[in-house]
Amino acid sequence: TQTFPLRCYTIIINSGTVSEGNDFGNFQDGSIHGLKYDDLNGNGVQDTGEPPIAGWTIRITGFDQHTGPVDRTEQTMQDGMYWFTELSPGQYRVCEVQQQGWTQTQPPQDGCYDITVTSGSQSFGNDFGNLQHAADLSITKSVSPIEARVGEFVVYTVHVKNNGPFAAMNVV
């Protein structure tokens, strides 16, 4: 992408003269890449057997030195990858959009990546891990009376207990 001059120079050269300062500035677009995965053990590292997550929204914000403010989103692909391409040099922040029922495990601290893109640069390894909340439910059933004669009803009682550590949602 050409950054300077905005279009072109009009130069009139006469015999024996020199035209100086007719410079052109160009840059190559940069890109930011990463992976979204299910951190089954919650350790903040993608271990063997921890699957990618498709369809998760990743957001990039910042300021590119060529066009100004940036605020875009991408959905992770089937392989969990996301790609922000055609980025002009500038400062960017990449974060995942949080979803209910999940806890982010990677990256640590504030859960985002702050990335400087320079001409032609590619930033890889900007990965996001999440642990899905799972309730530990126990179910017990009892019946009364234990024996039923012809035409009699029995009553079943079902007790569901959440042993933690997360809230059980939509228990039906």
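Our subject is the structure listed above.
The next subject is the overall build of the chain. Tallying secondary structure elements over the chain gives 0 helices and 13 strands in all. What you see in the chain, going N to C, is helices and strands ordered as β-β-β-β-β-β-β-β-β-β-β-β-β. In summary, the chain has a C-alpha radius of gyration of 29 Å against a globular reference of 16 Å for 172 residues, an excess of more than 25%. Referenced to the eigenvectors of the C-alpha coordinate spread, the extents of the chain come out at roughly 120 × 30 × 25 Å. Within the chain, the fraction of its 172 residues that count as buried is 30%. Partitioning the contacts of the chain with sequence separation of at least 6, the portion at a separation of at least 24 is 58%. Put simply, the chain shows about 11,600 Å² of open surface, and 52% of that area lies on carbon and sulfur atoms. For the chain, the distance from the average site of its 8 positive side-chain charges to the average site of its 19 negative ones is 12 Å.

All right, on to the sheet that holds strand β5 (residues 68-75) then. The 4 strands are arranged β5-β4-β7-β9 in an open sheet whose pairing can be described as antiparallel. Each edge of the sheet is formed by a strand with only one pairing partner; in this case those strands are β5 and β9 (112-117). When the angles between neighbouring strand axes are averaged without regard to direction, this sheet yields 20 degrees.

Quick look at the packing of aromatic side chains now. What the rule picks out here adds up to 4 aromatic pairs. Judged by centre distance (5.8 Å) and plane angle (65 degrees), the rings of Y82 and F84 are edge-to-face. Under the relative-accessibility criterion, Y82 is labelled buried at 1%. Residue class for F84 comes out buried when judged on its relative accessible area of 0%. Taking the centre distance of 5.4 Å and the plane angle of 75 degrees together, the rings of Y113 and F128 count as edge-to-face. Of the two residues, Y113 is situated in strand β9 and F128 in strand β11 (residues 128-132); the sequence distance between them amounts to 15 residues. According to the relative accessible area criterion, F128 is buried, its value standing at 0%. An aromatic cluster of three or more residues is present, and its members are Y82, F84, Y113 and F128.

Basis of the calculations
Residues numbered from 1 in each chain as written. Predicted model: local features only at pLDDT ≥ 70, side-chain atom pairs only at ≥ 80, totals over all residues. Heavy atoms only, no water. Helix = DSSP H or I, 4+ residues; strand = E, 2+ residues; numbered from the N terminus. Rg over C-alpha atoms; globule rule 2.2 N^0.38 Å. Buried < 20%, exposed > 50% of the residue type's maximum accessible area, 1.4 Å probe, protein only. Contact = heavy atoms within 4.5 Å. Areas by Shrake-Rupley, 256 points an atom, 1.4 Å probe, with all protein chains shown as cover. Lys, Arg positive; Asp, Glu negative; His and termini not counted. Charge placed at Lys NZ, Arg CZ, Asp CG, Glu CD. Pairing = 2+ DSSP bridges. Axes fitted to C-alpha atoms, helices over the stretch in contact; angles between N-to-C directions. Phe/Tyr/Trp six-rings, centres within 6.5 Å; stacked < 30°, edge-to-face > 60°.

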